[in-house]
Amino acid sequence: MHEIEAAVIERAGVPTAVEDLLLDDPHPGEVLVRMTASGVCHSDLHVRDGDWERPGPIVMGHEGAGIIEAVGEGLDPGVVGRPVALSWYAPCLRCRQCQRGRQWLCTGSPSLRHAQVDGTTRLARADGSPVLAYCSIGTMSTRQVVPATAVVPMPDGVPPEVAALIGCGVSTGVGAVLKTAEVPAGSSVAVIGLGGVGLSCVMGAVLANAGRIVVVDTNRSKIDLAGTLGATHWVLADPADPAATIGGIREAAGEGGPDFVFEAIGLPQTIEQAISTLPPGGTAVLVGMTAFGETASFEGFPFVDGARRIIGSNYGSAAAALDFPRYAEWYLQGRLPVDRLIDRRLPLIELEDAFDRLRVGQAARQVVVFE
Ligand SMILES: NC(=O)c1ccc[n+]([C@@H]2O[C@H](COP(=O)([O-])OP(=O)(O)OC[C@H]3O[C@@H](n4cnc5c(N)ncnc54)[C@H](O)[C@@H]3O)[C@@H](O)[C@H]2O)c1
Ligand SMILES: [Zn+2]
Ligand SMILES: [Zn+2]
């Protein structure tokens, strides 16, 4: 049994509080991780603000890295001490989707229940009442027990903050471009929304050797940061004038609009904008997540007549065990400058303040670092 500190939310829609919790030792097939870093992703904010219903109480955080401290029965104790990144979608490796190599669509993942594989949790309050872990990994915590399939060893030399971001934002954005959309070299790409996810789409577009890369945000400093990552054109979005944004994206992309547009916010308005920018044959890739129940619309005839496409991208089609080490190697080679996305390091106690900044688009990627 371990005493830990974690950011807990009682239920979706209420503020988080840092609490002392008790953490059980790992059971068979589970791993005890001492957390080193946990990124603040907008998906945590969706839960915090009640956009998504989730069970509670639950430890927040799903973009984390740490060091293996112990393993449950049946696992190799030789891995103790290894730095790891955590996947927020622990695959079961047995269902039909896993067997097809589509782990991001796993139907048997414990992460769906925010618990361990057997459906129970290793976390409890002092009174013995159980606490869940978001996506089974609840990374806003000094220590955590996680399913072994969520744990991916990192090569030497990868800083904890970078490993954490590989756990969500980087895999989501880079993978949306390279894996979900398979953007061919020379394509024009637009990215709407330049948080950790959208900026990772930009890095993915550079790796794909895209032609023009048009970036779009309401916040000028995000556009400047995207420029340092390889964006070639930009549009400062005015939410009050969507037609101007659409026109600006089309003009900047050339040839009637971008071959691929990535929506990385999750607002009906920007999803509709993304679809409206497409030239015939163009593809809109929806990466941002809306609040539950929200819908977006588009005009049917030109969409079909122009053979346009809309695709959803979950976790950048990541197979964590395969893709995380690849992204880490690219970071080490200087081809994936993940560290440039990090604009604030903070202690766990400041998580609510980080949410305030994220809510108004002020942050690129903020990362909670643990001592
Ligand atoms: N598909 C997936 O698997 C997956 C994984 C992780 C995150 N997400 C989702 O991706 C989205 C982005 O996450 P993030 O952490 O990068 O968020 P973020 O809040 O850091 O970034 C959003 C960006 O959009 C900008 N923006 C807001 N309104 C705008 C508008 N009207 N026009 C143009 N720009 C606008 C903001 O200034 C900000 O830079 C969230 O919805 C998150 O839940 C999806
Ligand atoms: Zn995330
Ligand atoms: Zn599965």
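Up top is the structure these notes are about.
Since we're looking at a predicted model, the values are computed, not measured.

1. Considering the overall build of the chain
- Scanning the chain from N- to C-terminus turns up 11 helices and 18 strands.
- On C-alpha atoms alone, the chain measures out to a radius of gyration of 20 Å, which is about the 21 Å that the 2.2 N^0.38 rule sets for 371 residues.
- Projected onto its principal axes, the C-alpha positions of the chain cover 60 × 40 × 35 Å.
- Carbon and sulfur atoms provide 52% of the accessible area of the chain, an area that totals close to 14,800 Å².

2. A few points about the coordination of the zinc ion (ligand 3)
- Here the zinc ion (ligand 3) is held by the protein donor atoms Cys-92 (SG), Cys-95 (SG), Cys-98 (SG) and Cys-106 (SG), which lie 2.3 to 2.4 Å from it.
- Its four donor atoms give the zinc ion (ligand 3) angles of 102 to 121° at the centre, a pattern that matches the tetrahedral case.
- Taken in chain order, the donor set of the zinc ion (ligand 3) reads C-x2-C-x2-C-x7-C. A residue pair is termed long-range when its members are at least 10 positions apart, and Cys-92 in the loop between strand E6 (83-86) and helix H2 (96-99) and Cys-106 in the loop between H2 and strand E7 (123-124) qualify at 14 residues. Residue Cys-92 shares its accessibility class with Cys-106, and that shared class is buried.

3. Looking at the packing of helix H4 (residues 169-180) against helix H5 (residues 196-207)
- For the pair H4 and H5, the least separation of the axes is 7 Å and the interaxial angle reads 40°. Comparing their axes, H5 and H4 come out oblique. Crossing of H4 over H5 shows right-handed handedness. Residues Gly-169, Val-170, Thr-172, Gly-173, Val-174, Val-177 and Leu-178 of H4 form the contact with H5, whose own contacting residues are Gly-196, Val-197, Ser-200, Cys-201, Met-203, Gly-204, Ala-205 and Leu-207.

4. As for the site of ligand 1
- Neighbouring residues of ligand 1: 31 residues in total, closest His-42, Asp-217, Lys-222, Tyr-315 and Arg-365.
- Take His-42: an N or O atom from its side chain is 2.6 Å from an oxygen atom of ligand 1.
- Separating an oxygen atom of ligand 1 from a backbone N or O atom of Gly-196 is a distance of 3.2 Å.
- Taken by itself ligand 1 offers 870 Å² of open surface, and the protein chains cover 94% of this.
- If you list the elements that add at least two residues to the shell around ligand 1, you get helix H1 (42-48) and H5.
- Residue contributions to the shell around ligand 1 peak at three residues, all from H1.

5. Some remarks on the sheet that holds E7
- Spatially, five strands are ordered E1-E2-E7-E8-E4 in a closed barrel, and the strand pairing comes out mixed.
- Examined bridge by bridge, strand E1 (residues 2-9) and strand E2 (residues 17-23) share seven bridges and lie antiparallel to one another. In the sheet register, His-2 faces E2, and the bridge partner there is Leu-23.

6. Thoughts on unusual backbone geometry
- The linkage connecting Gly-56 with the following residue, Pro-57, adopts the cis geometry, with an omega of -5°.
- You will see that Ser-317, though not glycine, has its phi angle at about 50°, which is positive.
- Its place among the elements puts Ser-317 in the loop between strand E16 (309-312) and helix H10 (320-332).

7. Quick look at the pattern of salt bridges
- This model, assessed by the stated rule, comprises 18 salt bridges.
- Notably, a salt bridge pairs Arg-345 with Glu-161, separated by 2.6 Å at the nearest N-O pair. Taken together, the residues Arg-345 in strand E17 (residues 342-346) and Glu-161 in helix H3 (residues 160-166) connect sequence positions 184 residues apart.
- Given the relative accessible area of 49%, Arg-345 is considered partly exposed.
- Ionic pairing is found between Arg-326 and Asp-323, a salt bridge with its closest N-O pair at 2.9 Å. Separated by three residues within a single helix, Arg-326 and Asp-323 lie in helix H10, roughly one turn from each other.
- Among the residues examined, Arg-326 registers a relative accessible area of 32% and is labelled partly exposed.
- Linked through salt bridges whose partners overlap, the residues forming this network are Arg-48, Asp-49, Glu-352, Asp-356 and Arg-359.

8. Describing the layout of surface pockets
- Looking at the second largest pocket, its volume works out to about 250 Å³.
- Lining of the second largest pocket is provided by 16 residues; of these, Ala-148, Thr-149, Val-151, Val-152 and Pro-153 occupy positions nearest its centre.
- Elements with a minimum of two residues in the lining of the second largest pocket: strand E5 (64-71), strand E10 (151-153) and H10.
- Here the lining of the second largest pocket gets three residues from one element, more than from any other, and that element is E10.
- Its residues placed into classes, the lining of the second largest pocket shows 13 nonpolar, two polar and one charged.

9. Structural notes on the pairing of E6
- Relative to E6, E5 is paired through three bridges, and the arrangement is antiparallel. Bridge assignment links Ile-67 to a residue of E6, and that residue is Pro-83.
- By the bridge criterion, three bridges tie E6 to E10 in an arrangement that is antiparallel. In the strand pairing of E10, Val-84 is matched with Pro-153.

10. Points about the coordination of the zinc ion (ligand 2)
- The zinc ion (ligand 2) binds to the protein through Cys-41 (SG), His-62 (NE2) and Cys-168 (SG); the donor distances cover 2.0 to 2.3 Å.
- If you list the donors of the zinc ion (ligand 2) from N- to C-terminus, the spacing comes out as C-x20-H-x105-C. Pair noted here: Cys-41 is in the loop between strand E3 (30-40) and H1 and His-62 is in the loop between strand E4 (58-59) and E5, with a separation of 21 residues, a long-range link. The residues Cys-41 and His-62 share a single accessibility class, namely buried.

Reading guide: rules and limits
- Residues numbered from 1 in each chain as written.
- Chains lettered and ligands numbered in written order.
- Predicted model: local features only at pLDDT ≥ 70, side-chain atom pairs only at ≥ 80, totals over all residues.
- Heavy atoms only, no water.
- Helix = DSSP H or I, 4+ residues; strand = E, 2+ residues; numbered from the N terminus.
- Rg over C-alpha atoms; globule rule 2.2 N^0.38 Å.
- Areas by Shrake-Rupley, 256 points an atom, 1.4 Å probe, with all protein chains shown as cover.
- Donors = N, O, S within 2.8 Å, 3.2 Å for Na, K, Ca; no water.
- Tetrahedral: all angles 85-135°; square planar, octahedral: opposite > 155°, others 65-115°.
- Buried < 20%, exposed > 50% of the residue type's maximum accessible area, 1.4 Å probe, protein only.
- Axes fitted to C-alpha atoms, helices over the stretch in contact; angles between N-to-C directions.
- Parallel < 35°, antiparallel > 145°, perpendicular 65-115°, else oblique.
- Left-handed = near helix turned anticlockwise from the far one by under 90°.
- Contact = heavy atoms within 4.5 Å.
- Near = heavy atom within 4 Å.
- Polar contact = N/O pair within 3.5 Å; in protein donor to acceptor, adjacent residues only side chain to side chain.
- Pairing = 2+ DSSP bridges.
- Salt bridge = Lys/Arg side-chain N within 4 Å of Asp/Glu carboxyl O.
- 1 Å grid on protein atoms, 1.4 Å probe; cavity = no way out; pocket = protein on both sides within 12 Å on 5 of 7 lines; lining within 4 Å.
- Points joined across faces, edges and corners; volume = space filled by probe spheres on them.
- Nonpolar A, V, L, I, M, F, W, Y, C, P; charged D, E, K, R; others polar.

Interpretation in functional terms is not warranted from these geometric data alone.
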